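Here are the chains, one letter per residue:
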Amino acid sequence: MTDHQAAMLFLGIAVILVLARLLGAGARAVGQPPVLGEILAGVLLGPTLFGGAVTRALFPMDVRPFLTSLADLGLVLFMFVIGYDLDAALVRGRAKVAAGVSLGSMLLPFGLGAVLAFQLAHRHQIGHSHTGFVLFIGAAMSVTAFPVLARILADRRMQHTELGGLALAAAGVGDLLAWGMLAVVTTVAGGGLQWRVMLAPVYLALMAWVVRPLFQRLFTARENQAGLTPTLLAAVATGLMLSCAAVEWMHVDFIFGAFVFGLAMPRVGPARLREGLRDSLGTVGTVFLLPVFFVIAGLKVDLSKLNGDDLGELGLILLVAVGGKFVGAFSGARLLGLGGRDSAVMATLMNTRGLTELVILTVGLQLGVLDTGLYSLMVVMALVTTFMTGPLIRLLRGSEPQPDLVFSAAAPVVEPVG
C-alpha cells in the first residue's frame, strides 16, 4: 500500500464513521432503528448523488479492495453475533406458533418472489443459472432481519411482552430457515453442486460434537473469573476465522461459516463472560466495520438513472415483498389462534428486513445473480420495509405496550446490532 493509498483509506474510513453515526442518530431521533440511517449513509456516499463525484474523490478504485476486506470482516463479526443471539430459549414454549408464523411469512413471499423473478428476468442480467435467479429472488423476499426486529421491539418496550417474544422466536426460526435456504440457492446460482459441498455434514457434525463441547468446557472453566479473558477471546476469534475458511474451501460463502460458528457457541458460563464475548466482537463490527460494509454496498446502488420502467418494477417488488410477507405471517398467526390485531402486529414485525436483506443482496451481486439495476431496486425495498415497521406498529398498538400482553416468564433480552 502506498502512502497516498493509506492516506485515502484512513480519510475514507473517517468520513464513513462520522456520516454513519450522524445519520444513525438522526434515524433514532425520528423513531427509526439506527441501522436505517447507516444504510442510507452508504447509499448517499455512492454514485446516486453528484454523478459519483463523491465516490471517486473519497474512494479511489485502488483503495476499494482494502475497504472491501474490512467490510468482509465486518460481515463475519455481524453474522457471528446473529448466530450467537439465536438462543433456543427464544423458542421454548412457543415452538408451534413461532414455526407457524415463520413458515407462513416465508412460503408465500418465496412463491410470489419466484413468480416475480420470471418477469424481472426479461430486463436484467441474471448470471448463468435461471433457476438460481428464481430461487434467489424468492429467498430475498422471504427474509426477516432478526437483529433489527429485536432493536425495534426494545425501542417499543415490547421485548418482554408475549407478542414480542413470539416475534423474536418466529424471526429466529425464520433466520435459520432463510440462511439454510440461501446456502442452497448460492450453491445452485454459483454453478451447481461442487464435491466439496458434500463435506458440509461433516463440518456441521464437527461444530456440534467437537467445537461446541470444547468451548463449553472452556466457558465453564471460567465460572470463577470476572469475565472474558484475552486468551478466550483469541480462541473464539481463531475458531471463527477457521470456520469461515472451511466453508469458503467448500465453495460456500464465508458468512455461513460465521453464522454456524455463532450458533455453535455454548450459552454457559458467567453472564459477564457471555456479554463480554458478544460486546467485544459485536462492538468492533457494529461501530467500525459494518459502516464500511454499508458504503461498499452503497457504491453499487445508483438511483440517479431510474426511469418509469424501473419505478414500475420497484412497485412490483414492494407489492410482493410487503404483501406476501404480511399475508403469509398474518395467516399463520391467525390459524394458530392469535387475535386479529396481534396477528397484524406480528405480520408487520416480520416485514422488517434491514441489514440482513442487504447482506443477502450483496451475496447475490457478488455471485452475478443480480445486476446493479435490480440490486439498487432491492436495496430500496429493504430500506422501505424497515422504515415502515415503526410507524405501522405505532398505528396498530398505540404509543405504549398493552399490559395484558406482558408475561412473567423472563424472555431473553437481546441487544441487537443496529
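Just so we're clear, the structure is a prediction, and the values are computed from it rather than from any experiment.

About the thresholds
Per chain, residues are indexed from 1 in the order of the written sequence. At least 70 in pLDDT is required for a residue's local features to be given in this predicted model, at least 80 for side-chain atom pairs to be given and counted, and no such filter applies to totals for whole chains, interfaces and linings, which use all residues. Excluding hydrogens and water, the side-chain figures rest on all heavy atoms present in the structure. We count a stretch as a helix when DSSP gives it H or I for four or more residues in a row; a strand needs E for two or more, and each element gets its number in order from the N terminus. Burial status follows relative accessibility: with a 1.4 Å probe on protein chains alone, a residue under 20% of its type maximum counts as buried, one over 50% as exposed, and anything between as partly exposed. Two residues qualify as a contact provided that any one of their heavy atoms is within 4.5 Å of a heavy atom in the partner residue. Only the protein chains shown count as cover for residues, and all accessible areas are computed by the Shrake-Rupley method using a 1.4 Å probe. Patch definition: residues with relative accessible area over 30% and no salt bridge; like charges joined within 9 Å; nonpolar side chains (Val, Leu, Ile, Met, Phe, Trp, Tyr) joined within 5 Å. Within this document, salt bridges are pairs made up of a side-chain nitrogen of Lys or Arg and a carboxyl oxygen of Asp or Glu, the two lying within 4 Å of each other. For a helix, the expected span equals 1.5 Å multiplied by the number of residues minus one. Bend is computed residue by residue as the angle between axes fitted to the seven residues ending at the residue and the seven residues starting at it. Any pair of Phe, Tyr and Trp rings, taking the six-membered ring for Trp, is counted once the centres come within 6.5 Å. Such a pair is stacked with planes under 30 degrees apart, edge-to-face with planes over 60 apart, and tilted for the rest. The convention used is that axes are lines fitted to C-alpha atoms, helices contributing only their stretch in contact, and that angles between N-to-C directions extend from 0 to 180 degrees. Note on angle classes: values under 35 degrees are labelled roughly parallel, values over 145 roughly antiparallel, values of 65 to 115 roughly perpendicular, and the remainder oblique. Take the far helix as the reference: if the near one is turned anticlockwise from it by less than a right angle, the crossing is left-handed, and if turned clockwise, right-handed. Three residue categories are used. Nonpolar comprises Ala, Val, Leu, Ile, Met, Phe, Trp, Tyr, Cys and Pro, charged comprises Asp, Glu, Lys and Arg, and polar comprises the others, including Gly. As used in this structure description, the phrase polar contact means that two N or O atoms lie within 3.5 Å; if the pair is within protein, one of them must be able to donate a hydrogen and the other to accept it, and residues adjacent in sequence are counted only when both atoms belong to side chains.

S.K.: Explain the overall build of the chain here, please?
M.R.: Helices and strands together make up the secondary structure of the chain, namely 16 helices and 0 strands. Per-residue burial over the chain gives 55% buried out of 418 residues. Expressed as a percentage of contacts within the chain between residues at least 6 apart in sequence, the contacts between residues at least 24 apart total 85%. In the form shown here, the chain has an accessible surface area of approximately 17200 Å², with 67% of it arising from carbon and sulfur atoms.

S.K.: In this structure, what is going on with a nonpolar patch on the surface? I would like to understand it.
M.R.: A contiguous nonpolar surface patch, about 630 Å² in accessible area, is contributed by Leu199, Val202, Leu206, Trp209, Val210 and Trp249. Relative to the assigned elements, Trp209 resides in helix H9 (residues 200–220). Residue class for Trp209 comes out exposed when judged on its relative accessible area of 69%.

S.K.: Would you mind showing me how to read helix H16 (residues 372–397) here?
M.R.: The α-helix advances 3.6 residues per turn, and as a result positions three or four apart in sequence lie on the same side. If you check H16, its first and last C-alpha atoms are 38 Å apart, about what 26 residues at 1.5 Å a residue would give, namely 38 Å. Where H16 bends most, at Thr389, the angle is about 30°, and the proline Pro391 comes one to four residues later.

S.K.: Explanation requested: the packing of aromatic side chains in the structure shown.
M.R.: Each aromatic ring pair is described using two quantities: the centre-to-centre distance and the angle formed by the ring planes. Scanning all chains against the criterion turns up 6 aromatic pairs. Judged by centre distance (6.1 Å) and plane angle (35°), the ring pair of Phe80 and Phe261 falls under tilted. Pair noted here: Phe80 is in helix H4 (residues 64–85) and Phe261 is in helix H11 (residues 254–264), with a separation of 181 residues, a long-range link. Classification of Phe80 by relative accessible area gives buried; the value is 0%.

S.K.: Help me out: how do you make sense of the packing of H4 against helix H12 (residues 271–298) in this one?
M.R.: The description of two helices packed together rests on the angle between their axes and the distance between the axes. Axis separation between H4 and H12 bottoms out at 7 Å; the angle between their running directions is 140°. In terms of axis orientation, H4 runs oblique to H12. The two elements H4 and H12 cross, and the hand of that crossing is left-handed. Broken down by class, the residue content of the contact of H4 with H12 amounts to 18 nonpolar, 4 polar and 4 charged.

S.K.: Just checking my understanding: could you explain the environment of Arg196 for this structure?
M.R.: Here Arg196 shows up in the loop between helix H8 (162–189) and H9. Sequence separation between Arg196 and Val252 is 56 residues; the distance between their C-alpha atoms is 9.2 Å.

S.K.: Would you mind going over helix H2 (residues 34–44) with me for this structure?
M.R.: In terms of burial, H2 is a largely internal element, 9 of the 11 residues being buried. Buried residues belonging to H2 abut helix H1 (3–29), helix H7 (146–155), H12, helix H15 (354–367) and H16.

S.K.: How should I be thinking about the environment of Pro147 in this particular structure?
M.R.: Within the fold, Pro147 resides in helix H7. Looking at Pro147, the relative accessible area reads 1%, which means it is buried. Here the alpha-carbon distance between Pro147 and Thr352, two residues 205 residues apart in the chain, equals 9.7 Å.

S.K.: Got a minute to help me understand the pattern of salt bridges in this structure?
M.R.: The tally for this structure, following the rule as stated, stands at 4 salt bridges. In this structure, Arg353 engages Glu357 in a salt bridge whose closest nitrogen and oxygen atoms are separated by 3.9 Å. Here the two residues Arg353 and Glu357 agree in accessibility, since each one is buried. Here the residues in one salt-bridge network are Arg123, Asp310 and Glu313, joined through shared partners.

S.K.: Is there a simple way to explain the environment of Val81 in this structure?
M.R.: One can find Val81 in helix H4. Separated by 198 residues in sequence, Val81 and Asp279 place their C-alpha atoms 9.2 Å apart.

S.K.: Looking at this model, I keep getting lost on the packing of H15 against H16. Mind explaining?
M.R.: Here H15 crosses H16 at 170°, and the two axes come no closer than 9 Å. Judged by the angle between their axes, H15 and H16 are roughly antiparallel. Side by side, H15 and H16 meet where Gly354, Glu357, Leu358, Leu361, Thr362 and Leu365 of the first sit next to Thr372, Tyr375, Met378, Val379, Met381, Ala382 and Thr386 of the second. Here the residues of the contact of H15 with H16 are counted per class, giving 8 nonpolar, 4 polar and 1 charged.

S.K.: Please clarify how the side chain of Thr362 should be interpreted in this entry.
M.R.: With respect to the helices and strands, Thr362 occurs in helix H15. Within the structure, Thr362 has its side chain in polar contact with the backbone oxygen of Leu358 (distance 2.8 Å). Beyond its immediate stretch of four places on either side in the chain, Thr362 contacts Phe293, Ala297 and Tyr375.

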